[in-house]
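Residue-level structural notes
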Amino acid sequence: DQQVKQNSPSLSVQEGRISILNCDYTNSMFDYFLWYKKYPAEGPTFLISISSIKDKNEDGRFTVFLNKSAKHLSLHIVPSQPGDSAVYFCAAENTGNQFYFGTGTSLTVIP
Amino acid sequence: KAGVTQTPRYLIKTRGQQVTLSCSPISGHRSVSWYQQTPGQGLQFLFEYFSETQRNKGNFPGRFSGRQFSNSRSEMNVSTLELGDSALYLCASSLVSGGYDTQYFGPGTRLTVL
């Protein structure tokens, strides 16, 4: 049972435009959400996180939005750069420090 | 501060053999989690160790086991390997500060079962 879902396996965006990656979750007990970026042959790298008491968190070009009522979060990358091309995983954490990951979205930024 | 390290990086085994993978967490991190990544399946949680005890366990058969040592280093063992065990095995460590954590991943061990 996949509790965290990324329904778009892939996304292509032109350099300089906005990339929007989406993630849905089913468990209302999740309180903390994270985004990771993964290049081939490397482990995932932590990007940005958000607590359920917030609806937005920003770090440079990366912004995460959380809509608790819809159980939905999104990652915005503005402006997108070719180096952003990677697989992006969203993750949710419960109070027991257990993490649940989505299946990933492969982002390609076209120069 | 050194990141999470995993050894070996690549491994080729045959069906029926067993394998042991090693993970050294970031210094000071007390929790180590293991994940299996296969194409299209995302990161499947195997188990988590904290203070040498298994704290959480995913839905994998008993052929998959692990342990954690007093210095927080962890090992994962897979016995009687099957072709379907071919995957990237990732280790992640976290601090366990009492609140919410961030997991930091190692580079992974690529296991190929022939």
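Because the structure is a prediction, the values reported are computed rather than measured. The residue numbers shown here count from 1 along each chain, following its written sequence. Ligands are numbered from 1 and chains lettered from A, in the order in which they are written. Under the rules for a predicted model, residues below a pLDDT of 70 receive no local features and side-chain atom pairs below 80 are neither given nor counted, while totals for whole chains, interfaces and linings still include all residues. Excluding hydrogens and water, the side-chain figures rest on all heavy atoms present in the structure.

Re the overall build of chain A
Secondary structure counts use DSSP, requiring at least four H or I residues in a row for a helix and at least two E residues in a row for a strand, with both numbered from the N terminus. When you go through chain A residue by residue, the secondary structure sums to zero helices and 11 strands. In chain A, the succession of helices and strands from N to C terminus is β-β-β-β-β-β-β-β-β-β-β. Radius of gyration means the value over C-alpha atoms here, while the globule rule gives 2.2 Å times the residue count to the 0.38 power. Relative to the compact-globule value of 13 Å for 111 residues, chain A shows a C-alpha radius of gyration of 13 Å, a close match. Taken along the three principal axes of its C-alpha coordinates, chain A extends 40 × 30 × 20 Å. Looking at chain A as a whole, 46% of its 111 residues are labelled buried. We call two residues in contact when some of their heavy atoms are within 4.5 Å. A separation of at least 24 residues holds for 54% of the contacts in chain A among residues at least 6 apart in sequence. Each accessible area value is a Shrake-Rupley result obtained with a 1.4 Å probe; residue values ignore everything except the protein chains displayed when judging cover. Carbon together with sulfur atoms contributes 49% to the accessible area of chain A, which is approximately 5200 Å² in total. For the exposure calls, accessible area comes from a 1.4 Å probe over protein chains only, and a residue counts as buried if that area is under 20% of its type's maximum, exposed if over 50%, partly exposed in between.

A word on the environment of Gln41 of chain B
Residues and elements named next belong to chain B. Its location among the elements puts Gln41 in the loop between β4 (31-38) and β5 (42-50). Classification of Gln41 by relative accessible area gives partly exposed; the value is 41%. Taking the C-alpha atoms as reference points, Gln41 and Gly66, separated by 25 residues in sequence, lie 22 Å from one another.

Considering the side chain of Thr105 of chain A
All names here are of chain A. Within the element layout of this structure, Thr105 appears in strand β11 (residues 105-110). With a relative accessible area of 3%, Thr105 lands in the buried category. One polar contact links the side chain of Thr105 to the main-chain carbonyl oxygen of Ser8, over a distance of 2.6 Å. Polar contact is defined as a pair of N or O atoms within 3.5 Å, subject to the rule that within protein one atom must be able to donate a hydrogen and the other to accept it, and that residues adjacent in sequence are counted only when both atoms are side-chain atoms.

Here's the deal with the pairing of strand β7 (residues 64-68) of chain B
If a strand is regular, its side chains alternate between the two faces of the sheet. Residues and elements named next belong to chain B. Sheet topology places β7 next to strand β8 (residues 74-78); five bridges connect them, and they run antiparallel. Along β8, the bridge assignment pairs Gln68 with Ser74. For two strands to be treated as a pair, DSSP must find no fewer than two bridges joining them. Remark: five residues form the turn of the hairpin made by β7 and β8, two consecutive strands paired antiparallel; Ser72 in that turn has positive phi of roughly 75 degrees.

As for the packing of aromatic side chains
Between 30 and 60 degrees the pair is tilted, below 30 it is stacked and above 60 it is edge-to-face, where a pair is any two Phe, Tyr or Trp rings, Trp via its six-membered ring, whose centres lie within 6.5 Å. Taken as a whole and assessed by the stated rule, the structure comprises 14 aromatic pairs over all chains. Between the aromatic rings of Tyr32 of chain A and Tyr100 of chain B, the centroid separation amounts to 5.3 Å while the plane-to-plane angle is 10 degrees, which identifies the pairing as stacked. Of this pair, Tyr32 of chain A sits in strand β4 (residues 32-38) while Tyr100 of chain B sits in the loop between β9 (87-94) and β10 (104-105), each in a different chain. Overall, Tyr32 of chain A belongs to the buried group, its relative accessible area being 14%. Grouped by ring-pair contacts, the aromatic residues Tyr36, Phe46 and Phe101 of chain A together with Tyr35, Phe45, Tyr104 and Phe105 of chain B constitute a single cluster. Note that Arg55 of chain B overlies the ring of Phe50 of chain B, its terminal NZ or CZ placed 4.7 Å from the centroid. Placement of a positive charge over a ring is assigned whenever Lys NZ or Arg CZ falls within 6 Å of the ring centre and within 35 degrees of the normal to the ring plane.

Re the sheet that holds strand β6 (residues 56-59) of chain A
Across a sheet, strands are paired by hydrogen bonds formed along the backbone, either parallel or antiparallel in direction. Residues and elements named next belong to chain A. The sheet built from five strands is open, its strands ordered β1-β3-β8-β7-β6 with antiparallel pairing. Each edge of the sheet is formed by a strand with only one pairing partner; in this case those strands are β1 (4-5) and β6. In terms of strand pairing, strand β3 (residues 19-25) meets strand β8 (residues 72-77) through six bridges, oriented antiparallel. By the bridge assignment, Leu21 is partnered in β8 with Leu75.

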